[in-house]
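An overview of the molecular structure
Here is how the chains run, residue by residue.
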Amino acid sequence: MKPFKPPRRGGGPRHGPPHQRPRPGRPHDGGGSSRPPSYQKSSNAAAIDPFQLFCAYHLGITPDKRFAPANIHDVARRFGVDAGVIRQVLQEHGMDAETVMNTDFDLAMAQIDIQVAPEGVDRVELAKGIYKEFRAAPRKPRDWRRLLEEDARENAKIFGRRD
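All of these numbers come straight from a predicted model, not from anything done at the bench. (Residues numbered from 1 in each chain as written. Predicted model: local features only at pLDDT ≥ 70, side-chain atom pairs only at ≥ 80, totals over all residues. Heavy atoms only, no water.)

1. With respect to the packing of helix α5 (residues 107–115) against helix α6 (residues 123–136)
- Interhelical geometry of α5 versus α6 gives an angle of 160 degrees and a closest axis separation of 10 Å. As judged from the angle between their axes, α5 and α6 are roughly antiparallel. Taken as a pair, α5 and α6 cross one another with a handedness that is right-handed. Seen from α5, the contacting residues are A110, D113, I114 and Q115; seen from α6, they are R123, L126, A127 and I130.
- Across the contact of α5 with α6, the residue classes break down as 5 nonpolar, 1 polar and 2 charged. (Axes fitted to C-alpha atoms, helices over the stretch in contact; angles between N-to-C directions. Helix = DSSP H or I, 4+ residues; strand = E, 2+ residues; numbered from the N terminus. Parallel < 35°, antiparallel > 145°, perpendicular 65-115°, else oblique. Left-handed = near helix turned anticlockwise from the far one by under 90°. Contact = heavy atoms within 4.5 Å. Nonpolar A, V, L, I, M, F, W, Y, C, P; charged D, E, K, R; others polar.)

This is the structure we're talking about:
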């Protein structure tokens, strides 16, 4: 006779060792996707539209055209790809952090323009002009020493010298 084994509580696919549990938001039975249609894009980097990526990653425009700052992982989920793919596409299209920093374009001001856009203004339409300006902005390396010296002088005027 076999020894009595009590039934497992809460059996089913969500229980068991962590490495065997399905991850939230991902199908575990191989059928269909639990992601909304906006996430069901190809994992191929070529399928990501550079303008849409600029809007999502740099300007924080959500799929419903609101403003919400997004990190690379948020954007990757939105496009249905890995964060590494987003990094690759940003670099391929000259929108990675280093390239943006070495561009004569005020990204912070562009982000503020999107953030404070009045109700009823289509942020994606507003972003088209911003994207065009970004693409037209000349590339030039930043003179960090000069910028730091200017900031130090400005801080000294405002806050006084620290010795």
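2. Looking at helix α1 (residues 50–58)
- Most of α1 sits out of view: 7 of its 9 residues are buried.
- When α1 is considered as a whole, its buried residues turn out to be P50, F51, L53, F54, C55, A56 and H58.
- Buried residues in α1 make contact with α2 (72–79), α3 (83–92), α4 (97–101), α5 and α6.
- Of the residues trailing α1, G60 is marked for its positive phi of about 70 degrees. (Buried < 20%, exposed > 50% of the residue type's maximum accessible area, 1.4 Å probe, protein only.)

3. Some points on unusual backbone geometry
- Its identity as a non-glycine residue notwithstanding, K65 has a phi of 70 degrees, on the positive side.
- Mapped onto the fold, K65 is located in the loop between α1 and α2.

4. Remarks on the packing of aromatic side chains
- This structure, assessed with the given rule, holds 4 aromatic pairs.
- Members of the aromatic cluster, each reached through a chain of ring pairs, are F51, F54, F105, Y131 and F134.
- Positioned over the ring face of F134 is R139, at 5.3 Å from the centre of the ring. (Phe/Tyr/Trp six-rings, centres within 6.5 Å; stacked < 30°, edge-to-face > 60°. Lys NZ or Arg CZ within 6 Å of the ring centre and 35° of its normal.)

5. Focus: the packing of α1 against α3
- At their nearest, the axes of α1 and α3 sit 11 Å apart, and the two run at 115 degrees to each other. Remark: the crossing between α1 and α3 carries left-handed chirality. The segment α1 lies against α3, with L53, Y57 and H58 engaging I86, V89 and L90.
- Of the residues contributing to the contact of α1 with α3, the split by class is 5 nonpolar, 1 polar and no charged.

6. Examining the pattern of salt bridges
- Counted according to the given criterion, the structure contains 6 salt bridges.
- In this structure, the salt-bridge partner of R146 is D143, at a minimum N-O distance of 4.0 Å.
- Judged by its relative accessible area of 38%, D143 falls in the partly exposed class.
- The network of salt bridges with common partners includes D143, R146 and E150. (Salt bridge = Lys/Arg side-chain N within 4 Å of Asp/Glu carboxyl O.)

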